[in-house]
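# Chain and residue survey
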Amino acid sequence: MAIETVNQQDPRFTTLNRGNNARFPPTEADAASRIVLCDNANDVAEALQKIVSAGLRPTVRSGGHCYEDFVYTNPKGAIIDLSLFNETTPVAGAPAYRIAAGTQLGDAYTELYKRHGVTLPGGSCESVGAGGHITGGGYGVLSRLHGITPDWVTAVDILTVDKKGQVVPRRVDAKHDPDLFRACRGAGGGNFGIITNFYFDKLPPAPKEVTHAGVRFDWNGMTQERFTKILQTYGHFLETRGNDPDTWGLFAIIGLSHASAGSFGVNVQFCNPDGTCKDLKVLNEFLDLFENCNPSASEMTNDHPAVAERMSPQRPGRERGCLNGKHRTNLSPWFNATVRGNGGSFGETRSKYKSAYMKRNFSVAETVAFYKHMHRTIPGTDLRGSMVLMDAYGGAVNRKELIEETAVHQRSSVMKLQFLSYWRDPAEDAGHMTWMRDIYTDVYSGPDTDAKHKGTPYPNDHYEGCYINYPDKDMLEYSFWPELYYGDQGLYPFLQSVKRQYDPNNVFHHAMSVRA
Amino acid sequence: MKQQKDWSRRKFVQWMGYTSAIGAVGLPGRWLSASPLAGAPTSPRFAFAGSTGKQHGIQVFSIKNDRWSHVQTIASENPSALALHPSERFLYAVNEIDSYQSLPTGTVEAYSIDPHSGRLTLLNRQPLSLSGVLPRHLAVSPDGRTLAVAVHGGGAYNLLPIGEDGRLDRVSAIIKETGSGPHADQDSAHPQMVVFDRSGSRLLSADLGSDTLSVLDLNDDGLSVASRSQAAPGSGPRQMALHPSGNLLYVVNELDASLSCFGYDATSGSIRQRLHHTAIGSCSASGVAAMAMHPAGNVLYTSYCGSGAGSLSAWRIDAASGALKPVRRAADQASSLQIASMVAAHDSLFVLDHKQGILRLPASATSGRLGQPVQVARIEAPVSLALKYS
């Protein structure tokens, strides 16, 4: 395919000029002037050169799932779309496995599984593109067992723009442009250039099978005390037992929905480290913990799509599983549980996100703040789509040697939290933004936050900052925002030096890009 | 805008007076063939000075008989450049900052001017394009409808529409620049100055980072590159002035302390070959070069201040060939000055000195000679000056 340029007069423009979040572009005046679609690396280089030479600002899209407006707020600029560049066939002279940047995760999982029996420990939303996901430290249901996606990357093809404005194609790895290579392993997209291919010397074997289970709790009758107990039971397991390698195949998530949604749940996917479900001892041990928390009888009730996305068999209309001792569980082949054509509601939903890494169990103060905001009402704002997803983390992620090797410093956390709100009516924007801002500020203003960094999970004994793939422009109001995402141990200054060297003209920039 | 259509020749000449150094706007030759009309004010009534010292902001002065009286101090962040609207009713300031409302960008401000007192009132402030950090210069189009900004730090040009009420609309056009040069300060593009040509539909720009002079077209799509010209490698173009004839472009270069004259084809909008080139000082690592052209277009002033010593020179312009002839001993007292910028008026050269503030040097338009400097305003670290004549 030749380079395909879709300008504002093209009937495809209104469709292609938006991604997964209907909030972007915020206004027509913020919109790009063209979308440039490329299905191979040479065309991307040619398109990029033309854009730069014309004095246009390039932004880059692979899957279109960026949580902020980094791609779509690009007034009269050019969006380079890599979604058609989705090859996974190996390249001669390159490492064994390859994923082109435009490949959607679901397609990558399918290809890797069917051709090689391996997988990438990436995210559960299949329509997310590899380009942004891996570059920003993408993780998923298998990350406790196998680490995060950039941990496995051994080379990337990247186009940078030199100081004279010339596009330079590079294959970077631990020996060639090693600093740039490190920066490509987790610092986030839109910073240094356009990654066109990821390469992997090896990838972990895909599990043979996985077991899903869930526990639900009705908001109705939920006391603060019981709520605290549920969260602390969950956090305590991850803080203690969760560090043992025999539990690393257990991934769990609390889908803490707003009280107006009726209930919330703990969902879990499990396999043993060998990728089988022959022994469910660890799973049962985990589920047993919630016996004393008075779970709801209707344990397979409706989950919000954001939770269901991670835990497909829990969705209504599916089989209710079978009894495994005391617990109802659901065994399925790993592939069937992972690749199910789940693409989300593309472009129709408005959303806002925040994140936090936690090194420790929840404090009582945090659970009190969660409880309060899960019951808060805002006139004219439907908060049923507002929730906090509390992911199990740690395990294989927390290999300390990867701090220096990658651009992801969070290697001590046991939970990773995602605050999110979904809605459709633009009239509800302000209400949802307020809810998100307030719950987050409250949760991170407790006794575990130091005074200087109040309102944020600034790295300390309890917290480990935020996740750049869940970017949140609200954090820009804190002068220390780079440390929230990159820590305070020298990673950000390192990234700034890479930025100065490889993108001296700051061609690649967005609201939260590395500022040299 | 009725007011602008009705401009008299006199007003154009006045306008030329203050834009010659600030915006260096070229005007049709027929308006400039004669000296200012009898009775037309050749002395400014008000001065607006931006400073980046401890109390950075804009100072307003009223001027009577060459005496400056302080009228007002406006808080403004690093107002590196100021430009008057052609109507003289509005003043625009560029804020050379690297962050605004937590985003990496600089800003521009619009002020209304009280016609009697000269007092400023902020109309609005607009952010520049994302990554448009450390903007350094701005120019108002001859029709008063567009503000152009040179973004030094972020390497870009921005256009902002100006409303009838003087307020600035959001950025409507962006050019993101790339480029570099051999000098240590030339790792990336650093646009320094923008100047509208006589047509008002083209912008001329000087990029210190890439030794590039560009002609940019204003059109329905916004802004596009019409042509590029390379200055000498490592020269670092800093300021430019279009001669009133419209076909000579003077450029002062900061990194090699030199002055160049290029031909400019106003019809096609292209910069032609370099006609003349000369040194303006003894080059040093941290030198600052500045330039101002006399409103009548027959004298050019240049300064170059390095570590320790400064130089202030005057050059007589041969309008036919563009050739420059140095005026001997033009300014004997100027060697101790640390000049950030200069503005030429009919009978004065105003010099912005880092320590002494604003100095007035009597200027002879015929001989090019400059008189003794007299301090007219004590301001710490002045960097920009606009003069209002009406």
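A brief structural summary. (Residues numbered from 1 in each chain as written. Chains lettered and ligands numbered in written order. Predicted model: local features only at pLDDT ≥ 70, side-chain atom pairs only at ≥ 80, totals over all residues.)

## Describing the overall build of chain B
Stated formally: Working definition: helices are DSSP H or I runs of at least four residues, strands are E runs of at least two. Numbering for both runs from the N terminus. Whether a residue is buried, exposed or partly exposed is read from the other C-beta atoms within 10 Å of its own C-beta, which are placed from the backbone; 20 or more gives buried, 12 or fewer gives exposed, and intermediate counts give partly exposed. Placing a C-beta atom from the backbone of each residue, one calls two residues in contact when those atoms lie within 7 Å.
Along the backbone of chain B there are two helices and 28 strands. Counting over 390 residues, chain B shows a buried share of 58%. A sequence separation of at least 24 residues applies to 53% of the contacts in chain B between residues at least 6 apart.

## Structural notes on the interface of chain B and chain A
Note: interface size is frequently given as the accessible area lost on complex formation between the parts. Where we set the bar: Throughout, the ten residues Ala, Val, Leu, Ile, Met, Phe, Trp, Tyr, Cys and Pro are labelled nonpolar, Asp, Glu, Lys and Arg are labelled charged, and all others, Gly among them, are labelled polar.
Each partner contributes residues to the interface: chain B has 23 residues there, and chain A has 21 residues. Residue assignment for the side of chain B that touches chain A shows that the elements contributing at least two residues are β11 (173-176) and β15 (222-230) of chain B. No other element matches the four residues that β11 of chain B contributes to the side of chain B that touches chain A. For the side of chain B that touches chain A, the residue count by class is nine nonpolar, 10 polar and four charged.

## Quick word on the sheet that holds strand β2 (residues 57-64) of chain B
All names here are of chain B. So the rule is basically this: By this definition, two strands are paired if DSSP reports at least two bridges between them. In this analysis an axis means a line fitted to C-alpha atoms, helices contributing only their contacting stretch, and an angle means the value between N-to-C directions, from 0 to 180 degrees.
Read across the sheet, four strands follow the order β3-β2-β1-β28 without closing on themselves; strand pairing throughout is antiparallel. Of all the strands in the sheet, the pair left with one neighbour each is β3 (67-75) and β28 (382-388). Each neighbouring strand pair of the sheet contributes to a mean axis angle of 20°, computed without reference to strand direction. Where strand β1 (residues 46-51) meets β2, six bridges bridge the pair, whose relative direction is antiparallel. Each bridged residue has a counterpart across the sheet, and for Ala49 the counterpart in β2 is Gln59.

## Some remarks on the sheet that holds strand β5 (residues 90-95) of chain B
All names here are of chain B. If you trace the four strands from one edge of the open sheet to the other, you get β4-β5-β6-β7, paired in antiparallel fashion. Looking at which strands have only one partner, the edges of the open sheet turn out to be β4 (79-84) and β7 (120-127). Ignoring which end each strand starts from, the neighbouring axes of this sheet average 20° apart. Of the pairings in the sheet, the one linking β5 to strand β6 (residues 107-113) comprises six bridges and is antiparallel in character.

## Observations concerning the pairing of strand β11 (residues 263-270) of chain A
All names here are of chain A. Counting buried positions along β11 yields eight of eight residues, so the element is predominantly enclosed. Burial of β11 is two-sided: the residues Ser263, Gly265, Asn267 and Gln269 facing one way and the residues Phe264, Val266, Val268 and Phe270 facing the other way are all buried. Summarising the sheet, strand β10 (residues 250-257) and β11 pair through six bridges and their orientation is antiparallel. Residue Gly255 lies in a different strand from β11, and its bridge partner there is Gly265. Between the end of β10 and the start of β11, which pair antiparallel, lie five residues, with Gly262 showing a positive phi angle near 100°.

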